[in-house]
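These are the residues of each chain, in order.
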Amino acid sequence: MNLVQEGLALGIPAPRADVHQRPSAARIYRMWFGTEGALPADQDLARNILNAFPREPAAAKINRVHHLLITEALAARGISQVVDIGCGYPLPRPQGGGDLLFAQNTHDVVQQHWRSANVVYVDVDHDVIAERRNSLDQATTATRPKAVLADVTNISRLLERLEEAEHLSRDRPVAVLLHDVLPWIADDARVQDAVAYLRTWLPPGSALSITHSTADLSPTWVERVQQVYADADIPFRPRGRGAISDLFGDWEDLYGGQVRVVPTARHQIAHQFAAVPDYVSAAYAGAAVKPHPTS
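Residues numbered from 1 in each chain as written. Predicted model: local features only at pLDDT ≥ 70, side-chain atom pairs only at ≥ 80, totals over all residues. Heavy atoms only, no water.

Asker: Tell me what's going on with the packing of helix α3 (residues 40-52) against helix α9 (residues 219-231), and back it up with residues and numbers.
Answerer: One way to put it is that α3 packs onto α9 with a least axis distance of 8 Å and a crossing angle of 160°. Taken together, the axis directions place α3 and α9 in an arrangement best described as roughly antiparallel. As α3 packs across α9, the resulting crossing turns out to be right-handed. Counted together, Leu45, Asn48, Ile49 and Ala52 of α3 and Trp221, Arg224, Val225, Val228 and Tyr229 of α9 form the full contact between these two elements. Across the contact of α3 with α9, the residue classes break down as seven nonpolar, one polar and one charged. (Axes fitted to C-alpha atoms, helices over the stretch in contact; angles between N-to-C directions. Helix = DSSP H or I, 4+ residues; strand = E, 2+ residues; numbered from the N terminus. Parallel < 35°, antiparallel > 145°, perpendicular 65-115°, else oblique. Left-handed = near helix turned anticlockwise from the far one by under 90°. Contact = heavy atoms within 4.5 Å. Nonpolar A, V, L, I, M, F, W, Y, C, P; charged D, E, K, R; others polar.)

This is the structure we're talking about:
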């Protein structure tokens with residue numbers, strides 16, 4: 001079964017015939033890290049985004065550094081099952097040396113702690129999953145990570161598949177990373193329902209990490225970016241701190257107490273961009289743990 005057939009079986013539409021003539025948010029995200037080979041439509045939209053919010057590449061890098069740091073923190077906590085939902089394309093290693101930080105993958109970080117960790121990459125984009133699978137075929141790891149085509153708004157089916165295929169086990173904690181994926185779902189109710197189901201399904205001790213675009217920190221710029229995406233027929237829905245906080249339900253913060261939802265660059269102490277103004281993050285981050293039931 002090829003990716004298109006797989007997607008149709010899961011209720012995910014096949015790519016449009018003009019997919020390579022249309023801009024892709026996933027490909028544009030990769031552009032901010034210097035990836036070459038962007039399509040003309042991507043380049044045009046990227047220019048419009050930069051005109052609306054010149055700090056967009058910095059915001060992407062802040063998000064990526066946070067992704068690596070929080071993944072490290074969760075693995076160090078003892079969690080050896082990780083699901084990276086909305087994983088996006090793998091980022092290439094820079095040519096001729098340079099900073100290898102952004103080229104790290106989720107499984108690279110987790111498997112430094114747990115060689116046999118189960119890491120699953122999930123995305124709704126056929127091209128993203130095809131490229132992920134190609135890169136993972138070349139991975140030399142004790143347990144090969146998986147790349148799964150799925151729609152996060154059908155989270156029940158995704159979790160069912162992962163459990164049936166023994167990619168996940170509910171007898172120990174799971175970390176789920178929802179980094180810069182929920183803003184691309186415009187329907188608030190679908191986001192809330194999906195994350196609520198996820199919280200219920202995950203076993204105690206599991207962790208949920210979210211980064212999410214917001215207009216709270218830089219209203220004018222983010223609203224301009226939202227309009228740029230709307231003009232390109234790409235849904236983009238920044239949300240406020242309250243809506244993002246609600247996604248964690250009654251879970252506890254990763255470090256204890258009430259869940260902290262703060263500008264992404266300030267969530268992890270070791271973040272190399274922690275001193276930048278909050279408006280550069282243009283997003284919030286939070287991480288929470290499912291409490292064990294009280295007797």
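Asker: Tell me what's going on with the pairing of strand β4 (residues 175-179), and back it up with residues and numbers.
Answerer: Of all five residues in β4, five are buried, a share of seventy percent or more. Pairing of strand β1 (residues 81-85) with β4 involves four bridges; the strand directions are parallel. Within β4, the residue paired with Asp84 across the bridge is Leu177. In this sheet, strand β5 (residues 207-213) lies alongside β4 in parallel orientation, the contact comprising five bridges. Bridge pairing in β5 links Leu178 to Ile210. (Buried < 20%, exposed > 50% of the residue type's maximum accessible area, 1.4 Å probe, protein only. Pairing = 2+ DSSP bridges.)

Asker: Now, about α3: what can you tell me, with residues and values included?
Answerer: With 13 residues, α3 should reach 18 Å at 1.5 Å per residue; the first-to-last C-alpha distance of 19 Å fits that figure. Of the residues making up α3, those classed as buried are Ala41, Asp42, Leu45, Ala46, Ile49 and Ala52. Each buried residue of α3 lies within a common arc of 130° when the element is viewed along its axis, so the set occupies one face. What points out from α3, more than 90 degrees from its buried face, is the exposed set Pro40 and Asn51. Looking at the buried residues of α3, the elements they touch are α2 (25-31), α4 (56-76) and α9. (Expected span 1.5 Å × (residues − 1). Arc of directions from axis to C-beta.)

Asker: Hey, could you go over helix α8 (residues 188-201) for me, with residue numbers and the actual values?
Answerer: Between its first and last C-alpha atoms α8 spans 20 Å; for 14 residues at 1.5 Å apiece the expected length is 20 Å, and the two agree. Considered for burial, the residues of α8 that qualify are Val191, Ala194, Val195, Leu198, Arg199 and Trp201. Summarising the contacts, the buried residues of α8 are in contact with α7 (155-164), β4, β5 and α10 (241-246). N-cap assignment for α8: the residue whose side-chain oxygen lies 3.0 Å from the backbone N of Ala189 is Asp187. (Polar contact = N/O pair within 3.5 Å; in protein donor to acceptor, adjacent residues only side chain to side chain.)

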